[in-house]
There are 2 protein chains.
Amino acid sequence: MELGKAEEIAQTLRARIMQGILPEGTKTASERDLSEEFGASRMTVRRAIDIIEGEGLVVRLPGRGTFVARLRDRVVVDRGREVREAVEGYPMPSREQRMSDSFLKDIECLGPNSRVQFLEQPSLVAADKETAQHLQIPIGTLVLKRYQLHLVDGLPHCLIESYYPSDLFGELLTTDIGDEPLFVWLHERHHLSVAHTQEVLIARLATQSERRLLRISSKAPVVVLNRKVWTEEKRPVEWAHIIAVAALYTFTYEYDIAKRHRPTP
Amino acid sequence: MELGKAEEIAQTLRARIMQGILPEGTKTASERDLSEEFGASRMTVRRAIDIIEGEGLVVRLPGRGTFVARLRDRVVVDRGREVREAVEGYPMPSREQRMSDSFLKDIECLGPNSRVQFLEQPSLVAADKETAQHLQIPIGTLVLKRYQLHLVDGLPHCLIESYYPSDLFGELLTTDIGDEPLFVWLHERHHLSVAHTQEVLIARLATQSERRLLRISSKAPVVVLNRKVWTEEKRPVEWAHIIAVAALYTFTYEYDIAKRHRPTP
DNA sequence: GAGTGGTCTAGACCACTAT
DNA sequence: TAGTGGTCTAGACCACTCC
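Residues numbered from 1 in each chain as written. Chains lettered and ligands numbered in written order. Predicted model: local features only at pLDDT ≥ 70, side-chain atom pairs only at ≥ 80, totals over all residues. Heavy atoms only, no water.

Please explain the overall build of chain A as it appears in this structure.
Helix and strand content of chain A: eight helices and 10 strands. Each of the 265 residues in chain A was classed as buried or not, and the buried ones make up 57%. Within chain A, counting contacts between residues at least 6 apart in sequence, those at least 24 apart form 58% of the total. Element-wise, carbon and sulfur atoms account for 51% of the exposed surface of chain A, whose accessible area totals about 11700 Å². (Helix = DSSP H or I, 4+ residues; strand = E, 2+ residues; numbered from the N terminus. Buried < 20%, exposed > 50% of the residue type's maximum accessible area, 1.4 Å probe, protein only. Contact = heavy atoms within 4.5 Å. Areas by Shrake-Rupley, 256 points an atom, 1.4 Å probe, with all protein chains shown as cover.)

Would you take a moment to explain the protein's contact with DNA strand C for this structure?
Near DNA strand C lie 29 residues; those nearest to it are Lys5(A), Ser41(A), Thr44(A), Arg47(A) and Arg46(B). At 3.1 Å, a side-chain N or O of Thr66(B) approaches a phosphate oxygen of DNA strand C. Mapped by element, the contributors of at least two residues to the surface near DNA strand C are α1 (5-18) and α3 (42-54) of chain A together with α2 (31-38), α3 (42-54), β1 (58-61) and β2 (65-68) of chain B. Take the surface near DNA strand C: its biggest share by element is four residues, from α3(A). When the residues that make up the surface near DNA strand C are grouped by side-chain class, the tally is seven nonpolar, 10 polar and 12 charged. (Near = heavy atom within 4 Å. Polar contact = N/O pair within 3.5 Å; in protein donor to acceptor, adjacent residues only side chain to side chain. Nonpolar A, V, L, I, M, F, W, Y, C, P; charged D, E, K, R; others polar.)

Would you take a moment to explain the protein's contact with DNA strand D for this structure?
In the vicinity of DNA strand D lie 28 residues, with Arg46(A), Lys5(B), Ser41(B), Thr44(B) and Arg47(B) positioned nearest. A share of 60% is what sugar and phosphate atoms reach among the atoms of DNA strand D within 4 Å of the protein. At 3.0 Å from a base nitrogen of DNA strand D is found a side-chain nitrogen or oxygen belonging to Arg32(A). Within the side chain of Arg42(A), a nitrogen or oxygen atom sits 2.8 Å from a base nitrogen of DNA strand D. Mapped onto the surface near DNA strand D, the elements with two or more residues apiece are α2 (31-38), α3, β1 (58-61) and β2 (65-68) of chain A together with α1 (5-18) and α3 of chain B. At four residues, the largest contribution of residues to the surface near DNA strand D is made by α3(B).

Would you mind going over the pairing of strand β7 (residues 194-205) of chain A with me for this structure?
The side chains of a regular strand alternate, first on one face of the sheet and then on the other. All names here are of chain A. With 11 of its 12 residues buried, β7 lies for the most part within the structure. With 11 bridges joining them, β7 and strand β8 (residues 221-231) adopt antiparallel strand pairing. Bridging across to β8, Ala-203 finds its partner in Val-223. (Pairing = 2+ DSSP bridges.)

Sorry if this is basic, but what is going on with a nonpolar patch on the surface here?
A surface patch of nonpolar side chains, about 230 Å² in accessible area, is lined by Leu124(A), Leu142(A) and Leu173(A). In this structure, Leu124(A) sits in strand β4 (residues 114-126). (Patch = residues over 30% accessible without salt bridge, like charges linked within 9 Å, V, L, I, M, F, W, Y side chains within 5 Å. Salt bridge = Lys/Arg side-chain N within 4 Å of Asp/Glu carboxyl O.)

What is the right way to look at the pattern of salt bridges in this model?
As a working rule, side chains carrying opposite charge can pair if their charged atoms are close by. Residue and element names in this part refer to chain B. In total, this model carries 26 salt bridges over all chains according to the counting rule given. Ionic pairing is found between Glu-120 and Lys-145, a salt bridge with its closest N-O pair at 3.4 Å. Taken together, the residues Glu-120 in strand β4 (residues 114-126) and Lys-145 in strand β5 (residues 142-152) connect sequence positions 25 residues apart. On the accessibility criterion, Glu-120 (32% relative accessible area) is partly exposed.

For this particular structure, what's the right way to read the domain arrangement of chain A?
Often the size quoted for an interface is simply the accessible area lost on bringing the parts together. Residue and element names in this part refer to chain A. Per the domain assignment, the segments making up chain A are domain 1 (5-69) and domain 2 (73-253). In this assembly, eight residues from domain 1 lie in contact with nine residues from domain 2. The junction of domain 1 with domain 2 conceals about 670 Å² of combined surface from both sides, 56% of it contributed by carbon and sulfur atoms. A per-residue breakdown of the area domain 1 buries against domain 2 is headed by Asp-50, Glu-53 and Gly-54, which together make up 48% of the total. Connecting domain 1 to domain 2 are zero salt bridges. Counting every contact that joins domain 1 to domain 2 gives zero residue pairs in polar contact (both at pLDDT 80 or more). Taken together, the elements giving at least two residues each to the side of domain 1 that touches domain 2 come down to α3 and β1. Tallied by class, residues from the side of domain 1 that touches domain 2 come to two nonpolar, two polar and four charged. (Domains from an automatic or database assignment. Buried area = accessible area lost by both parts, 1.4 Å probe.)

Mind showing me how you'd approach the environment of Val152(A) here?
In this structure, Val152(A) sits in strand β5 (residues 142-152). Once the C-alpha coordinates of Val152(A) and Gly20(A) are considered, the two residues, 132 residues apart in sequence, prove to be 23 Å apart.

Pasting the structure below:
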């Protein structure tokens, strides 16, 4: 098969990383050096690195260099385990690399070496049309807004913009719950249990502002995950917009299939 | 905020599409014309189009031109509806744009104007290590392999490479079940019901071969969905590797949260 | 044959990081 | 100050589609 020059270079670099010639965390040769080595222009080398960056093999840090990604850092978001646990006999997916293994710890959990940076101070804002609709409240109602950047080992992993009904969560403006998961706090404080969630996933290229915050290049894809959480009483208590660096995440969904064996006519 | 020139051009094009100045299906100005209009080099215009292509706003057809994507063509893969149906009172996600609304119709279903192209004739192949592990059979066991390209309105949407135990599905080598869903056939023929599934999603840039088959550019992301399906008897009956053009898909997952309100210590 | 997107070149300047 | 990645330029040739 005919390969472009950039694709050829990408394959060579890929092989070097896979074979351990370039170990995890290593700084690769600079783009200028690589263009000399491969007899290609720098733009072509950049396209090659774009490709393997999109695959999550390397991370680019402006001003510093390009580094081989630590594969173990890919976060496994594991959903529907409750279902699996209820149905014995199905093999469990590999546990290594797992950062979160319960909904409550979740994508928002703090793993080792990870931390959360608030991009804005949590505040009360008027719900726009979309937020109001999802939280089932009138437009303009005050809601608690949080805007966070999650980092692992200092590397940005995801952006979370989330909205909560202020009557339940408003006191978080003045109260610090530390590392306690939000929904654990909700149960202890208001005796409300989260019971149901809907997640809508889309993958696309990052926008300029997302790229700046997540420190990724212009060709790196992100996964946009819009999450809605309801309590047992069917009250929406969270509407979150999560932007995750695609190369750093794996999403696992596991669920039972309805006993309905024919498509509806 | 400081925007690059490419990002600026992307925003302008985005606005033209959103405001209907460039309606769905319209052919946009050529890259050369746009570079003249914006006073930018063609490479910069290409990067701008890369961006909005990654967002799914336009589709590039080599030799023909760049066309405004028909947004309604984004396929909504809707999972976990069984759960929602069992829990009354939760609002249903919007139905418009929905192509598949049941697992059995699923990502493999044929919507209007869609068709499946077999890239290889279905055949019996020896299971490699990965396939054998997932189907819980010895390495080298013969399995039925299917390799398909799914198109909607002539536009490639996804690639599906799937493996099935040959004792159950082997006769499909010589039997054509037409449009009947595979698992409906399985139930009618062998009285086996699919009961459980696991899906692992990753988003990344497409490889060269994927790009060729799916006719997308080198910066367009894809969603890789590895799916495993079990019967009620906990027997794996499918191991599938699905490559979907990210810009053409939305994945919706909806499920109940276990009644466990504390993270494990 | 004219027009299109796909790829590549050989430079250039910038902002940032490290020393 | 030297090195890095980020961006941009003004060309070039190719394969493909359409007329």
